[in-house]
Amino acid sequence: MHIAIIGAGIAGSVTAYKLAKAGMQVTVIDRFDTGQATDAAAGIVCPWLSQRRNKDWYQLAKGGARYYPEIIEELRLDGEEETGYARVGALSLHQDAKKLDAMQKRAEKRKADAPEIGEITLLDEHKARQLFPLLAPGYGAVHVSGAARVDGRALRNSLHRAAKKYNARFITAEARLSMKTGQIAVTAGKEEFHPDQVVVTAGAWAKSLLEPLGYSLQVSFQKAQICHLQLQDTKTENWPVVMPPNDQYLLTFPDGRVVAGATHENDTDMDTNITAGGVHEVLSKAIGIAPGLTEAGLTETRVGFRPFTPGFLPVFGRMPNHQNLFVMNGLGASGLTMGPFVASQLTKLIAGQETDIDISAYDPEGALI
């Protein structure tokens, strides 16, 4: 069976890897534009403290955290050691003791069906700073040992290398879809072919891609700017990720690299400009939480476009009217958390296997006009 996958972010990459490993002929097409959400993102895998009440969203996020060790081990067995993933724990900060207490109770309650949370510990400001020395005074924390961080670019690249070991083909070109003699035709640059199945995992770019087939997918995007900082002579590879009470985050990687993010820019054009206002917002919030970053070098700012579908709930599955067309979209700011798990469910659907969860809530038809 020949399967064409359009979009090589986290969703398309896991799908390609799993299907190629299952023995299918896989062709992946992507322009690899600057702005791909996966390429820009560094993710925190810690969904259990979220106050979002949408149970369908939480099912995917929780499933994503549980699934990560499996996919990382699978990649390791295929020779991929540099995945950008590490279980380092997380600190969820607050200055209000009552808020910390409520946070701890919420995590304990959710541990009943998510033992991968690990140990949940309430820390005073001194113990929190022992784990992340750059923090400002006054912040207590709930520490969750099972949380992890992931470098989206590194994980994507490892998935591509692994997929190629199973003969997946990657084409850097603009993809177009059309109908030819009752079949979906895929054009990649000057090449045209008629695969048995087509999977569209094109994120914020999916709407225009699907329009020639008569679909109007309701997908919007949010621009994110993410700053990479460099600390000198500091071992940061085992520092926990930091989740402040604002909408930002901090996470660290080996060799003193610190990632601070991110802006949440709505109603913008799809431009990849790094703006002074965006960088100022990220850095001012980061330094407010961790004044120890003041002397860090600013090495890079990345821009990505998070895709959202209606109700901020991802959609994935078979499209109506075309039994051989599948879509996965709308992962939003949680793309790196839930993306591999959702892709694993999509690959089971494509392969005619039973999914691990009831996927009816994520029917793509709910995102069509």
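Residues numbered from 1 in each chain as written. Predicted model: local features only at pLDDT ≥ 70, side-chain atom pairs only at ≥ 80, totals over all residues. Heavy atoms only, no water.

(A) Structural context of the side chain of aspartate 30. Secondary-structure assignment places aspartate 30 in strand β2 (residues 25-30). In this structure aspartate 30 is buried but unpaired, with arginine 31 as the nearest side chain of opposite charge at 6.3 Å. Engagement of the side chain of aspartate 30 in a polar contact is seen with the backbone nitrogen of phenylalanine 32, the distance being 2.5 Å. If we ignore the near neighbours within four places in the chain, the residues touching aspartate 30 are Gly7, Ala8, Gly9, Gln36, Ile171, Thr172 and Ala173. (Helix = DSSP H or I, 4+ residues; strand = E, 2+ residues; numbered from the N terminus. Buried < 20%, exposed > 50% of the residue type's maximum accessible area, 1.4 Å probe, protein only. Lys, Arg positive; Asp, Glu negative; His and termini not counted. Salt bridge = Lys/Arg side-chain N within 4 Å of Asp/Glu carboxyl O. Polar contact = N/O pair within 3.5 Å; in protein donor to acceptor, adjacent residues only side chain to side chain. Contact = heavy atoms within 4.5 Å.)

(B) Molecular detail of unusual backbone geometry. The omega torsion across glycine 261 and alanine 262 is -10°, close enough to zero to call that bond cis. Positive phi, normally seen in glycine, also occurs at threonine 181, with a value near 50°. Tracing the backbone through its elements, the reader meets threonine 181 in the loop between β10 (175-180) and β11 (183-188). Despite not being glycine, asparagine 321 has its phi angle at roughly 80°, a positive value.

(C) Region of interest: the sheet that holds β10. Across the sheet, three strands lie side by side as β10-β11-β12; this open sheet has antiparallel pairing. Here the strands that pair on one side only, and so sit at the sheet edges, are β10 and β12 (191-193). Going across the sheet, the axis of each strand differs from the next one's by a mean of 25°, ignoring polarity. Relative to β12, β11 runs antiparallel, the two being bridged by three bridges. When the sheet's bridge partners are listed, valine 186 is paired in β12 with phenylalanine 193. (Pairing = 2+ DSSP bridges. Axes fitted to C-alpha atoms, helices over the stretch in contact; angles between N-to-C directions.)

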